[in-house]
Structures are given as structure tokens and as C-alpha cells.
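Survey of secondary and tertiary structure
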Amino acid sequence: MTKLIGISGALRKGSTNTGLLRALQSLLPAHVTMEIATLHGIPLFDEDVIAATGKPEVVTALADRIRHADGIIIATPEYQFSVPGVLKNANDWLSTCNAPFKWKRTGVVGASAGAMAGTARAQYHLRQNLQALQAIVMPRPEIMIVHNERKFDSDGNLTDTETRERLHTWLEAFLEWVEKKP
């Protein structure tokens, strides 16, 4: 059994990036499971908090879930040409948790509105950040979905058949990369 964790870099209830993770979950073969994690409840990173009360339980629990997964998929929106603050903040906290990402095979996906870059800038910044966390990030193929306003419903559910097929192709490559470790 292959165990994945999907982490959404968005907090919005109708997030298309959380929707991407749900779409991936629906495409998984029977021998694979994926838990979806959100970043709700993670406080702003503050070393004084660690000194005073230790790491927040929400952070250590996420670190443990990452540590026990065979592979990680992060779905990120793009905010101001980069990763959302909540995702960077979570990674800053996770960097204090004895390297949960170390040697973990990690995939990055994302969806955004409009026709421009489809989260490309955010994904490349996230890849740099994940390198510092010692994750092994899948180089190709990439999933950068544009026009999420046309491909997802108002609840963040993927409705576009062509995008679902591209996502399926990406997922097959990711699972082969995680399971066979070529």
C-alpha cells in the first residue's frame, strides 16, 4: 500500500488547489491512499513561541503525517508572483521538526485564474523552499493549470475533462516515481 499526503497551500473553502487534491484522490488506484491536509490553525512562525511553549501541536502533527507518507503532493496557488504566505509559514515551522521532508518524494501542482503562468512562479519558488527542507521534488512532468475559473465549479471541484486527463497522466508519473524510485 502506498500512502500519500496532499497539502493544500490555500485556506479558502472553495479553493481550486484543494480541489486539485480531491481530483487526484479520485484518480488513485486501489493500492494508493491520500490524506488531504490543510494549513488551518498554524500560527505565524515565531521562535519565541517555541522557546515559551514549544512547537504547536498542529505543526508537529503535520510533520508526523509527512514523515509517515511515501510521497507528498503540494497544491499551491500563486499570490503576488510567489507562494502563499500560509504555505511558506507552514514550511518555516516544519523546518524546526527534525526534517520531515528529508528524502521524501514530493510533487508540486497548482491552478490559477487567468491565462498567464498557471502558478509557475509560485511552483518554482516552492521548489527552492523544498530544496532547503531536503525534499526530493519531481522535476517533470509539471502541472500548471490556467483559467481555473473555467475548469472548476464554485466549490473548487474540477469539472474540466481535459484537465482531469492531464492530471491523471501526471499522477501516473508521480506514482511510478514514488514507488519505483528510478
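Rules behind the numbers
- Residues numbered from 1 in each chain as written.
- Predicted model: local features only at pLDDT ≥ 70, side-chain atom pairs only at ≥ 80, totals over all residues.
- Heavy atoms only, no water.
- Salt bridge = Lys/Arg side-chain N within 4 Å of Asp/Glu carboxyl O.
- Helix = DSSP H or I, 4+ residues; strand = E, 2+ residues; numbered from the N terminus.
- Buried < 20%, exposed > 50% of the residue type's maximum accessible area, 1.4 Å probe, protein only.
- Axes fitted to C-alpha atoms, helices over the stretch in contact; angles between N-to-C directions.
- Parallel < 35°, antiparallel > 145°, perpendicular 65-115°, else oblique.
- Left-handed = near helix turned anticlockwise from the far one by under 90°.
- Contact = heavy atoms within 4.5 Å.
- Nonpolar A, V, L, I, M, F, W, Y, C, P; charged D, E, K, R; others polar.

For the structure shown, the criterion picks out five salt bridges. The salt bridge partner of Lys88 is Asp92, with a shortest N-O separation of 2.5 Å. Here Lys88 and its partner Asp92 are both found in helix α4 (residues 85-94), four residues apart, which amounts to about one turn of the helix. A salt bridge links Arg127 to Glu142, with the nearest nitrogen and oxygen atoms 3.9 Å apart. With Arg127 in helix α5 (residues 120-132) and Glu142 in the loop between β5 (136-137) and β6 (143-145), this pair connects stretches of sequence that are 15 residues apart. When its relative accessible area of 16% is taken as the criterion, Arg127 is described as buried.

Let's shift gears to the packing of helix α1 (residues 16-26) against helix α7 (residues 161-180). Between α1 and α7, the shortest axis-to-axis distance is 10 Å and the interhelical angle comes to 70°. With respect to each other, α1 and α7 are oriented roughly perpendicular. Relative to α7, α1 is oriented so that their crossing is right-handed. The residues of α7 that touch α1, namely those facing Leu20, Ala23, Leu24 and Ser26, are Arg164, Leu167, Trp170 and Leu171. Partitioned by chemical class, the residues of the contact of α1 with α7 number six nonpolar, one polar and one charged.

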